Amino acid sequence: MTRLMLGRTLERICKGVLLLCLLHFLIMMILYFDVYSQRFDIFSRLHGGRNGSRNNASGHHFYFYNISRANATVAGYLAAGEQAAPTAQPRANRTPSPKPLPPCPENPPGLVGRLLIEFSSQMTMERVQRENPNVTEGGRYTPPDCRPRWKVAIIIPFRHRENHLKYWLHYLHPILRRQRIDYGIYIINQLGEDTFNRAKLLNVGYAEALKDGDYNCFIFSDVDLIPMDDRNLYHCYEQPRHFAIAMDKFGFRLPYAGYFGGVSGLSKKQFLKINGFPNEYWGWGGEDDDIYNRITLNGMKVSRPDVRIGRYRMIKHERDKHNEPNPQRFNKIQNTKNTMKKDGISSLTYRLVQIKRYPLYTNISVEIGKPPPRPFKG
């Protein structure tokens, strides 16, 4: 009896040990599969590893970790993986593109308005250069903080006006910078002492400026005219622009409705539409009226600023030698319709002698020929 009870007791103990072993085995299997699944979860999130790598078809790297070593934990490998995995970076040798500039405002905020213009103080090029350190060689400037719609070439017909040029540069560079204009200044210097031809020099300026930059707007200005208000914006418009509508020499009034002299502006498209300016106006007067006729005959209208804004002061001077009034100008003006297709930028001829870039402007010296002999009056 005693032996029977002892046998049953041992049997129960053995069954209990077996059950404990089975329970222990089940717990170990559960833990094993739990850890194993976490290993694959780690692989799906990490791109770096310590035990080697291989590439898939798309070129990405897969890295494998050994988490069976002593003191290893899943959290530890996650932390290690974050340190080892490469961060998202641009491709090698690829610099981030700069942020695009906003368009320049239509009404620049730094404008002053009415200006005090005087010519009594002595002016030097050295002074003007000190005043405009941001202007680059050749008289070029681009706003650093915005993107202008127009790239403007300012063209000045020139001969023997060095003193006037100093004042023009002194006043215009600061005005143009405040207006956020992207511009270059071109002085078209007629060599020799033959009769002056303003309009032909303007055509030369157009042709030479296009060789120097991708300009889409051209402003043609006499060197002795200074704007009295910086709200008179020096860029192009939907229609050809006449800027100098109220000069002091005319009592700050437009002398007549068809006047287009002094300072004017045309886009490249507008300029080509009228075949540029006439080349056959030798001497003073008439060419600006011919240009006005070309504009109206081609279906365009002249736009102008408000008379209170389009005010100009002229530097007083004696009439230039070899720039006497052209006696043929009135007859030529009446024939614009017949001459504008054959006389203009399409028929321009000249000889380029020298281009020299100064700190505040580009000087282009040219020979433009001589006027034809005048008909004999008998």
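This report concerns the structure included in the present document.

Now for the pattern of salt bridges. Per the counting criterion, the structure on display carries 15 salt bridges. Ionic pairing is found between Arg127 and Glu131, a salt bridge with its closest N-O pair at 2.9 Å. Residue Arg127 and its partner Glu131 are both found in helix 3 (residues 125-131); the two are separated by four residues, about one turn of the helix. For Glu131, a relative accessible area of 29% translates into the label partly exposed. A salt bridge links Arg231 to Asp229, with the nearest nitrogen and oxygen atoms 2.7 Å apart. In the salt-bridge network here, residues are joined through shared partners; they are Arg140, Asp212 and Arg357.

So, on to the pairing of strand 6 (residues 217-221). Summarising burial for strand 6: five of the five residues are buried, a large majority. Along strand 6, one buried face is formed by Cys217, Ile219 and Ser221 and the opposite face, lined by Phe218 and Phe220, is buried too. The sheet contact formed by strand 4 (residues 151-158) and strand 6 spans four bridges and is parallel. Among the inter-strand pairings, Ala153 is bridged to a residue of strand 6, identified as Phe218.

Here the focus is the packing of aromatic side chains. The tally for this structure, following the rule as stated, stands at 15 aromatic pairs. Summarising the aromatic geometry, the rings of Phe220 and Phe277 are spaced 4.8 Å apart at their centres and angled 65 degrees between planes, so their arrangement reads as edge-to-face. Highlighted residues: Phe220 in strand 6 and Phe277 in the loop between helix 6 (268-273) and helix 7 (287-297), separated in sequence by 57 residues. Looking at Phe277, the relative accessible area reads 1%, which means it is buried. Here Tyr358 and Tyr361 contribute two aromatic rings whose centre-to-centre distance is 4.9 Å and whose plane-to-plane angle is 25 degrees, an arrangement assigned as stacked. Aromatic rings pair up to connect Tyr206, Phe218, Phe220, Phe271 and Phe277 into one cluster.

On to helix 5 (residues 198-212). The end-to-end C-alpha distance of helix 5, which contains 15 residues, comes to 21 Å, matching closely the 21 Å that a straight helix rising 1.5 Å per residue would cover. With 11 of 15 residues buried, helix 5 is to be regarded as a mostly interior element. When we look at burial in helix 5, the residues that qualify are Arg198, Ala199, Lys200, Leu201, Leu202, Asn203, Val204, Gly205, Tyr206, Glu208 and Ala209. The N-cap residue of helix 5 is Asn197: its side-chain oxygen and the backbone nitrogen of Lys200 are 3.0 Å apart.

What follows is about the environment of Ile117. Within the element layout of this structure, Ile117 appears in the loop between helix 2 (74-84) and helix 3. Considered as a pair, Ile117 and Tyr167 are 50 residues apart in the sequence and their alpha carbons are 9.6 Å apart.

Ranked by size, the top nonpolar core spans 42 residues in total, and within it Ile154, Trp168, Tyr183 and Tyr234 carry the most contacts. Looking at this core, the elements that each hand over two or more residues are strand 4, helix 4 (162-178), strand 5 (182-190), strand 6, strand 7 (225-227) and strand 11 (311-314). Here this core takes eight residues from helix 4, the largest share from any one element. Beyond its immediate chain neighbours, meaning those up to four positions away, Tyr183 contacts Val135, Gly139, Arg140, Tyr141, Val152, Ile154, His173, Leu176 and Arg177. In this structure, Ala153, Phe196, Ala199 and Tyr206 belong to the second largest nonpolar core, which totals 29 residues.

Right, let's talk about the side chain of Ser264 for a bit. Its place among the elements puts Ser264 in strand 10 (residues 263-267). For Ser264, the residues in contact, after removing those within four places along its chain, are Phe218, Ile219, Phe220, Arg241, His242 and Phe243.

As a further point, take the state of the cysteines. Joining two cysteines, a disulfide is a covalent bond between their sulfur atoms. For the structure on display, the rule yields two disulfides. Through a disulfide, Cys104 is tied to Cys146; the S-S separation comes to 2.0 Å. Taking the torsion about the S-S bond as the criterion, the Cys104 to Cys146 disulfide, at about 85 degrees, is right-handed. Note that Cys104 is positioned in the loop between helix 2 and helix 3 and Cys146 in the loop between strand 3 (140-141) and strand 4, a separation of 42 residues in sequence. When its relative accessible area of 4% is taken as the criterion, Cys146 is described as buried. Each sulfur of the disulfide joining Cys217 and Cys236 lies 2.1 Å from the other. On the S-S bond that ties Cys217 to Cys236, the torsion sits near 90 degrees, and the link is right-handed. Taken together, the residues span a long stretch of sequence, with Cys217 in strand 6 and Cys236 in the loop between strand 7 and strand 8 (241-242) at a distance of 19 residues. Summarising the burial analysis for this pair, Cys217 and Cys236 share the class buried. What links to what in the protein: the bonded cysteines, counted in sequence order, pair as 1-2, 3-4.

How each quantity is defined
Residues numbered from 1 in each chain as written. Predicted model: local features only at pLDDT ≥ 70, side-chain atom pairs only at ≥ 80, totals over all residues. Heavy atoms only, no water. Salt bridge = Lys/Arg side-chain N within 4 Å of Asp/Glu carboxyl O. Helix = DSSP H or I, 4+ residues; strand = E, 2+ residues; numbered from the N terminus. Buried < 20%, exposed > 50% of the residue type's maximum accessible area, 1.4 Å probe, protein only. Pairing = 2+ DSSP bridges. Phe/Tyr/Trp six-rings, centres within 6.5 Å; stacked < 30°, edge-to-face > 60°. Expected span 1.5 Å × (residues − 1). Polar contact = N/O pair within 3.5 Å; in protein donor to acceptor, adjacent residues only side chain to side chain. Core = buried A, V, L, I, M, F, W, Y, C linked by side-chain atoms within 4.5 Å. Contact = heavy atoms within 4.5 Å. Disulfide = S-S within 2.5 Å.

These figures capture arrangement, not role.
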